[in-house]
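# Structure assessment
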Amino acid sequence: MNLEVEIAELKLQNPVMAASGTFGYGAEYEPIVDIQKLGAIVCKGTTLEEREGNPQPRIWETPSGILNSVGLENPGVEEVIKVKAPIWETWQVPVIVNIAGNDPEEYVLLASKLDGVKGVSGIEVNLSCPNVEGITDSGENPEVAFDITRKVRKSTSLPLIVKLSYSSHVSEVASACEEAGADALTVMNSIKGMAIDIKRRRPALGNITGGLSGPAIRPIAIHSVYQAAKAVSIPVIGCGGIFSGEDALEFMLAGATAVQVGAATLSHPRATVNIIHELEEFCLKENTSLKEIIGLAQI
Amino acid sequence: MPSLNSFPIRYKERPYGDSCILWVEAPEIARDARPGQFVTVGCDGLMLRRPLSVHRVKGEELALMFSATGTGTRWLSERKEGERLDLLGPLGRGFELPPSPTRILLIGGGKGIFPLIFLSEWALDRGFRVSLILGAKTREKLYPAHLVPCGVNLSLITEDGSYGDRGKVTDLLPLSGEVNYIYACGPSSMYREATLKLSGKEVQVLLEVRMGCGVGACHCCTINTKRGPKKVCQDGPTFLLDDILWDELSL
């Protein structure tokens, strides 16, 4: 059964990607998940310098959701190139590096450093980490999104994906990124939220606020994908509370070419491969290829 | 190497208060588990898996012990024999025992005793002499002495004096006689006290923070230590008491 989809010149064996932040650098899950079966892996958000991340607690359960505030803890791009990329180079599954900068110049530096590195199959520009101060509204502001995307585009030949945050005018941001040269868009990141620990009478998270992910945000993500896919002709990658094959189909019918699975991996470590099986079964039963269903629900 | 599978519950015990023990037939995990390691349990309808220390191992069965005080543990306490549990484990770095048998001291405060039972059985089996200071707020919250493995030299203490001595486990420190290997599990207030009373000794403690993945991928459980940032799920949950930065653990 053919589950292949294309994101720029990246041919994915299936549309199911591990979302940034929940899958580490891939190897962490190797003992329990057949990671080579995935469409792609997006690694943890990577910055120019090493980052320690936010104070504890960093994770909190909410109804049908997870609030997290890791704060981009990562070893820095040099370490990723030196230690992680050589491992990825031996893999069949493509690995996309998620990058986060404090200003457009940092994004450019990150992209230039990763350009041509063996084992790196693409770049995902994180315009939208809800847990880090900096260009916090870049994922919502079409001008800033355009500026960063255009500068990164000029500094890399790698497939370039831009990850957007929730925005009430997602179509404008999506169009701006397309115009600036993005090859694809990930729609969307977690949404800023907050919980209070009534026992401690304090914000539940050390960083006060966090990013809400999981099924709680799925209808919002579906709506965003629907709008973004209408606005652009580049592929949209749906992300937000996908826990099953049916959830993935919802996103694809709304217009997504591929999907990313994040929170579900924390609940069910094999969620990604289970979703691939369910999509396979769907295609067999319906005698269809996945490419044929993309955007069918667009009216 | 951790396994991920669903395993049948063979036996359920409610030894005291709101505590619960589930004996699960999980041969792969039972074979590989070491004292101090944990598993995560998938709970129906909940987003986050619950980390639970391994309480005991017998052949192909694994005992998980917990207090049914939260949403996840209450759901778990309602499981019945024959039902299956979604387990990932064993995870983390367990306690390290000295290479040749000697005398070791275990300190368990409240629920902190749960993982120490596995450690005491493991150590006794390998010829160690095991002393255990076991304490709780009240007699009702004290792990029953008759469940402590035979051969353990046991001291009991409760804060209200309703059983054993009156006071905290740390009031019995330092224990008379030479002991260089100490293992503790309990609330962070107990660890702070222990730091004062056991300075100069190597004490291994077990830490608990909110976790995401359990395998070192999500970085939700990272804490700063004197040896730099460490992931509790992967670099721990056992740590040297001396390495802990207390401001990091004001949880």
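Predicted, not measured: the structure shown is a model, and the values here were computed from it.

Once that is clear, we can look at the layout of surface pockets. Considered as a void within the structure, the second largest pocket measures approximately 300 Å³ in volume. Contributing to the lining of the second largest pocket are 18 residues, with Glu73(A), Asn74(A), Pro75(A), His219(B) and Lys231(B) lying nearest its centre. Elements represented by at least two residues in the lining of the second largest pocket include exactly α1 (77-89) of chain A together with β14 (228-231) of chain B. Split into classes, the residues belonging to the lining of the second largest pocket amount to four nonpolar, four polar and ten charged.

Turning our eyes to something else, we now look at the packing of helix α5 (residues 218-231) of chain A against helix α6 (residues 245-254) of chain A. All names here are of chain A. Where α5 meets α6, the closest approach of the two axes is 8 Å, and the angle between their N-to-C directions is 25°. Classified by the angle between their axes, α5 and α6 sit roughly parallel to one another. Handedness of the α5/α6 crossing: right-handed. Where α5 abuts α6, its residues Arg-218, Ala-221, Ile-222, Val-225, Tyr-226 and Ala-229 lie against Asp-247, Glu-250, Phe-251 and Ala-254. Looking at side-chain class alone, the contact of α5 with α6 contains seven nonpolar, no polar and three charged residues.

A word on the sheet that holds strand β3 (residues 38-42) of chain B. By way of backbone hydrogen bonds, the strands of a sheet pair with one another, either parallel or antiparallel. Residues and elements named next belong to chain B. Strand order in this closed barrel of six strands is β1-β2-β5-β4-β3-β6, and the pairing throughout is antiparallel. Each strand of the sheet is rotated relative to its neighbour by a mean of 45°, with strand direction disregarded. In the packing of helix α3 (residues 113-125) onto the sheet, the strands contacted are β4 (50-58) and β5 (61-67), and the crossing angle to β4 comes to about 30°.

So, on to the side chain of Arg218(A). Residues and elements named next belong to chain A. As for its placement among the helices and strands, Arg-218 is situated in helix α5. The class of Arg-218 is buried, set by a relative accessible area of 18%. Apart from the residues lying within four places of it in its own chain, the contact partners of Arg-218 are Gly-240, Gly-241, Phe-243, Asp-247, Glu-250 and Phe-251.

Once that is clear, we can look at the interface of chain B and chain A. In this complex, chain B contributes 29 residues to the contact, which on the side of chain A involves 30 residues. Surface buried jointly by chain B and chain A totals about 2600 Å² across both partners, of which 62% is contributed by carbon and sulfur atoms. Our count for the contact surface shared by chain B and chain A stands at one salt bridge. The partner of Glu61(A) in a salt bridge is Arg50(B), and the shortest N-O contact between them spans 2.8 Å. The interface formed by chain B and chain A holds 13 residue pairs in polar contact (both at pLDDT 80 or more) in total. Those elements giving two or more residues to the side of chain B that touches chain A turn out to be β1 (3-13), β6 (84-91) and β13 (222-225) of chain B. For the side of chain B that touches chain A, the element with the highest residue contribution is β13(B), accounting for three residues. The residue makeup of the side of chain B that touches chain A, split by class, is 17 nonpolar, seven polar and five charged.

Further remarks concern a nonpolar patch on the surface. Residue and element names in this part refer to chain A. On the surface, a cluster of nonpolar side chains totalling about 430 Å² of accessible area is made up of Met-194, Ile-196, Ile-198 and Ile-208. On the secondary structure map, Ile-208 appears in the loop between β13 (202-203) and β14 (210-213). Judged by relative accessible area, which is 45%, Ile-208 ranks as partly exposed.

This paragraph deals with helix α3 (residues 142-155) of chain A. Residue and element names in this part refer to chain A. In this model α3 runs 20 Å from its N-terminal to its C-terminal C-alpha over 14 residues, within 8% of the 20 Å that 1.5 Å per residue would give. Regarding α3, the residues found buried are Pro-142, Ala-145, Ile-148, Thr-149, Val-152 and Ser-155. For α3, the buried positions fall inside an angular range of 165° around the axis, keeping them on one side. Looking at α3, the residues exposed on the side facing more than 90 degrees away from the buried face are Glu-143 and Lys-154. Where α3 is buried, its residues touch α2 (104-114), β8 (122-126), β9 (160-164) and α4 (170-179). Among the residues of α3, the N-terminal cap falls to Asn-141, whose side-chain oxygen and the backbone nitrogen of Glu-143 are separated by 2.9 Å.

The rules behind these values
Residues numbered from 1 in each chain as written. Chains lettered and ligands numbered in written order. Predicted model: local features only at pLDDT ≥ 70, side-chain atom pairs only at ≥ 80, totals over all residues. Heavy atoms only, no water. 1 Å grid on protein atoms, 1.4 Å probe; cavity = no way out; pocket = protein on both sides within 12 Å on 5 of 7 lines; lining within 4 Å. Points joined across faces, edges and corners; volume = space filled by probe spheres on them. Helix = DSSP H or I, 4+ residues; strand = E, 2+ residues; numbered from the N terminus. Nonpolar A, V, L, I, M, F, W, Y, C, P; charged D, E, K, R; others polar. Axes fitted to C-alpha atoms, helices over the stretch in contact; angles between N-to-C directions. Parallel < 35°, antiparallel > 145°, perpendicular 65-115°, else oblique. Left-handed = near helix turned anticlockwise from the far one by under 90°. Contact = heavy atoms within 4.5 Å. Pairing = 2+ DSSP bridges. Buried < 20%, exposed > 50% of the residue type's maximum accessible area, 1.4 Å probe, protein only. Buried area = accessible area lost by both parts, 1.4 Å probe. Salt bridge = Lys/Arg side-chain N within 4 Å of Asp/Glu carboxyl O. Polar contact = N/O pair within 3.5 Å; in protein donor to acceptor, adjacent residues only side chain to side chain. Patch = residues over 30% accessible without salt bridge, like charges linked within 9 Å, V, L, I, M, F, W, Y side chains within 5 Å. Areas by Shrake-Rupley, 256 points an atom, 1.4 Å probe, with all protein chains shown as cover. Expected span 1.5 Å × (residues − 1). Arc of directions from axis to C-beta.

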